[in-house]
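These are the residues of each chain, in order.
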Amino acid sequence: MNVQHTTQIQQLQVSMDKPVCFIDTDSAGKLRVQQSALKILEQIQQLVVVVAVVGLYRTGKSHLMNRLAGKQTGFALGSTIESKTKGIWMWCVSHPTKAGTTLVLLDTEGLGDMDKGDPKHDTNIFSLAVLLSSTLVYNSRGTIDNKAVMELQYITELSECIKVKSSDEDADDSSEFVKFFPSFIWAVRDFTLELKIDGKDVTEDEYLEFALKLKHGTSRSVIEYNFPRECIQRFFPSRKCFTFPFPTAPENMSHLGSLASADISSEFLKVTDHFCKFVFHDSSVKRLKVGHTVTGRVLGHLAKTYVDTISSGAVPCLENAVIAMATIENKAAVKEGLQVYQSEMEKLKDSFPLELKDVFSEHQHLSSTATQAFMKRSFKDTDGKYLKSLEEKIIKLFDEHLCQNEHASKKRCEEILSSLSAPMMVKLKKGFYAKPGGYDLFCKDLEDIVNKYNSQAKKEVKAEEILEEFLKQKSVDSKAILQADKKLTEKEKKIKEEKEKAALLEQEIKAREEKLRQLEEKMEAVRQSNEERMRQMKEKMDEEMRLQREETERAMNRKLREQADLLQKSFKEEADVMRQEMEEFKRQNTESNRAGELVAILENSSRRHEEEVATMMQQRSVQMMAIQQMIVRSEAEINRAREFAAIVENSSRRHEELMAMMMQQYRANMMAVHSSNGCRTM
């Protein structure tokens, strides 16, 4: 699997023809996630922009969602006083303006339906819409008056229904909601008023801010009036308002989804178009608490986590959800990274045997690519546990492929030697070397085989080792031929035997030295792979820290604007509370331990690398010691051979001198005999 193919998989998208039920209730009345919806999300590996709509039942939420999907129909439109949508329905479509992104539309069950038995059901649906979306659309009718704001009571309950941190369940951490909550759009349907305040024209956003304006005072009625407005201001990072006129005549409302454009108010279509363009342009990709962007797959896991928590009676916690998502995604990231490495190494196996440098080069490239795939999917791997797991699995696979390459090399080397030595084997069977001078003929043939083998197998990983084994095997034949060679004296046989031992030992040294060289190459490959892994890890941690800073800065900027607005309107006490919250943000940002985590991960990885290098260095030391011992043995064998040769040479010289003296004596004696015989004759 190459990088391009991996990218194609990560960009896999699913475009649905119609919505499906995402979350509903079981027979016991508990919320559950539909498996069919999870399967759809599992296939979406693109980033997602999630837009959820909430509001009282029969306010036209579904029609807005259909328009965002670019369709006239899709989400069910009701025409009676009964809520048509039950639970949460989902529609995934290609984002019209953000390439490589999926737009996920969530249409929620109408709030306030009289037939619901569980009083907490509406709050749970509202909480899920907030937790899952990157943009929350609140749909209401008429005007944004106090009644409309008070009907948004679910916002005031969010601090009891959602926790940011798991450390202190009783603590109120709602001040941090602004970091993680979606942007907020208030869509006012069937709006008939003029956008004027104190006789002055205002924008829709100014109209919303006027409706959210706080009152001065400390009476119970003022506190109740201000509380939902304060929650909207404090919880949501941005606010936007759209006012929609009546779409058509009252008698046509029951079949709004099937009306032609000519039958719908042009002003309504204009506002709807403006609303859709704003959502497409300004709605951001869904992010987790740590700033990690969300894919369809992660959104599915997230929904399952939140729904299971709510169904168990517990309060959904953003921190716990992130931990759960990190566990799921990091395990999958290890699997994905390993698949990238394994699939390409399997292809490389078809080319075995290869030179070791080629295997090492491909390993380094694929190890880097696998780490990239892991980094792309993983997040919050704070102790480097999952990266370590990937690293260990890759090393195990690497060693397995090295063994397979060695096996293939061994097989090829043996085939080369088998082919080259075939004529010699025929001669051995025929007894060609069993004659005077046969040993020298055998040695010459063996030397030719070795020279040709070295030429053909010089790039093979196992070339020296297999040659060593071959020469050891042939030394048995060599000894037999040497002992049977009547042309050689015993002393000459002894000299040749010692020389042959030295040659075998020399080949053994060469084989060990080649293993040592290969080990050093492996150490270098491991070092370079580790350096690349460290570089990618640092980049990943830097990116996570950058996202965390941006997350805090966005919240800080929003609170600064709110504080300035409160001070301008003489709400000093509320502004002081806002200031304290900002100080807490600054403290948390300053005390962020991500830098410490990065150092710890780098140290752990560095320690693992040092341990691995130490193991290989120990192997290297053992190899070096063995080579040195063999060199000493070889030198001893060579010295013994030289000493024996010198002894033989001295003995031979003394023998020749003795023979010369004996010949000289013999000649002298012969001359004396001849001389004596001559005298007698005279």
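Quick caveat: nothing in here was measured; it's all calculated off a predicted structure.

About the criteria used
Residues numbered from 1 in each chain as written. Predicted model: local features only at pLDDT ≥ 70, side-chain atom pairs only at ≥ 80, totals over all residues. Heavy atoms only, no water. Helix = DSSP H or I, 4+ residues; strand = E, 2+ residues; numbered from the N terminus. Buried < 20%, exposed > 50% of the residue type's maximum accessible area, 1.4 Å probe, protein only. Contact = heavy atoms within 4.5 Å. Areas by Shrake-Rupley, 256 points an atom, 1.4 Å probe, with all protein chains shown as cover. Pairing = 2+ DSSP bridges. Axes fitted to C-alpha atoms, helices over the stretch in contact; angles between N-to-C directions. Expected span 1.5 Å × (residues − 1). Arc of directions from axis to C-beta. Salt bridge = Lys/Arg side-chain N within 4 Å of Asp/Glu carboxyl O. 1 Å grid on protein atoms, 1.4 Å probe; cavity = no way out; pocket = protein on both sides within 12 Å on 5 of 7 lines; lining within 4 Å. Points joined across faces, edges and corners; volume = space filled by probe spheres on them. Nonpolar A, V, L, I, M, F, W, Y, C, P; charged D, E, K, R; others polar.

A. Seen up close, the overall build of the protein. Counting its secondary structure elements, the protein contains 19 helices and 10 strands. Across the 682 residues that make up the protein, the buried fraction comes to 47%. Looking at the protein alone, contacts between residues at least 24 apart form 76% of all its contacts between residues at least 6 apart. When the accessible surface of the protein is split by element, carbon and sulfur atoms take 52% of a total near 34,700 Å².

B. Highlighting the sheet that holds strand S2 (residues 31–33). Across the sheet, which stays open at both edges, the eight strands sit in the order S2-S1-S4-S5-S3-S6-S7-S10 with mixed pairing between neighbours. Lying at the two open borders of the sheet, with one neighbouring strand each, are S2 and strand S10 (239–243). Strand-to-strand twist across the sheet, computed as the mean angle between neighbouring axes with direction ignored, equals 20°. Looking at chain direction, strand S4 (residues 88–94) and strand S5 (residues 101–108) are connected through seven bridges and run antiparallel.

C. Up close: unusual backbone geometry. In this model, Phe352 is joined to Pro353 through a cis peptide bond whose omega is 5°. Of note in this structure, Asp190 is not a glycine but carries a positive phi near 55°. You will see that Asp198, though not glycine, has its phi angle at about 55°, which is positive. Its place among the elements puts Asp198 in the loop between strand S8 (196–197) and strand S9 (200–201). Accessibility expressed as a relative area gives 76% for Asp198, which makes it exposed.

D. Structural view of the pairing of strand S7 (residues 183–189). Among the seven residues in S7, seven count as buried, and that is most of the element. In S7, alternate side chains face the same way, and those of Ser183, Ile185, Ala187 and Arg189 on one face and Phe184, Trp186 and Val188 on the other are all buried. Here strand S6 (residues 135–141) runs beside S7; their pairing, made up of seven bridges, is parallel. Across the sheet, the residue bridging to Ser140 is Val188, located in S7. One ladder, built from five bridges, connects S7 with S10; its direction is parallel. Paired with Ala187 across the two strands is Phe242, which belongs to S10.

E. How the structure looks around helix H11 (residues 296–311). With 16 residues, H11 extends 22 Å from end C-alpha to end C-alpha; this agrees with the ideal 22 Å at 1.5 Å per step. Those residues of H11 that fall on the buried side of the exposure criterion are Gly296, Arg297, Val298, Leu299, Gly300, Leu302, Ala303, Tyr306, Val307, Ile310 and Ser311. Looking one or two residues past H11, Gly313 carries a phi angle of roughly 95°, positive in sign.

F. Fine view of the environment of Pro182. Mapped onto the elements, Pro182 comes out in the loop between helix H7 (177–180) and S7. Pro182 sits 47 residues away from Thr135 along the chain, and the two C-alpha atoms are 4.8 Å apart. Among all residues touching Pro182, those that are not within four sequence positions of it are Val130, Ser133, Ser134, Thr135, Leu136, Phe236 and Pro237.

G. Representation of helix H8 (residues 204–211) in the model. Residues of H8 that are buried include every one of Glu204, Tyr207, Leu208 and Ala211, and no others. All buried residues of H8 fall inside an arc of 100° around its axis, so they share one side. Structurally, H8 contributes buried residues whose contacts are with helix H5 (146–150), S7, S8, helix H9 (220–235) and S10.

H. Representation of the pattern of salt bridges. Following the criterion strictly, the structure yields 37 salt bridges and no others. We note a salt bridge from Arg32 to Asp24, for which the minimum N-O separation is 2.9 Å. Arg32 sits in the partly exposed class, given a relative accessible area of 37%. Among the ionic pairs, Glu490 bridges to Lys493, the shortest N-O distance being 3.7 Å. Taken together, the residues Glu490 and Lys493, both in helix H17 (residues 490–568) and three residues apart, mark about one turn of the helix.

I. Inspection of the side chain of Thr123 at higher detail. With respect to the element layout, Thr123 can be found in helix H4 (residues 121–132). Excluding anything up to four places from it in sequence, Thr123 contacts Tyr154, Glu157 and Cys161.

J. Main features of empty space enclosed by the protein. Under the defined criterion, the tally for this structure stands at six cavities of 30 Å³ or more. Of the voids in this model, the largest cavity is the one considered here, and its volume is about 110 Å³. As for the largest cavity, its lining consists of Val130, Leu131, Phe180, Phe181, Lys286, Arg287, Leu288, Lys289, Leu302, Tyr306 and Leu318. Only H4 and H11 provide two or more residues apiece to the lining of the largest cavity. Taken together, the residues of the lining of the largest cavity break down into eight nonpolar, no polar and three charged. Of the volumes computed, that of the second largest cavity is approximately 80 Å³. Around the second largest cavity, the lining is made up of 13 residues, and of these Met375, Asp381, Met537, Lys540 and Met541 lie nearest the centre.

Don't take any of this as a statement about function, it's just geometry.
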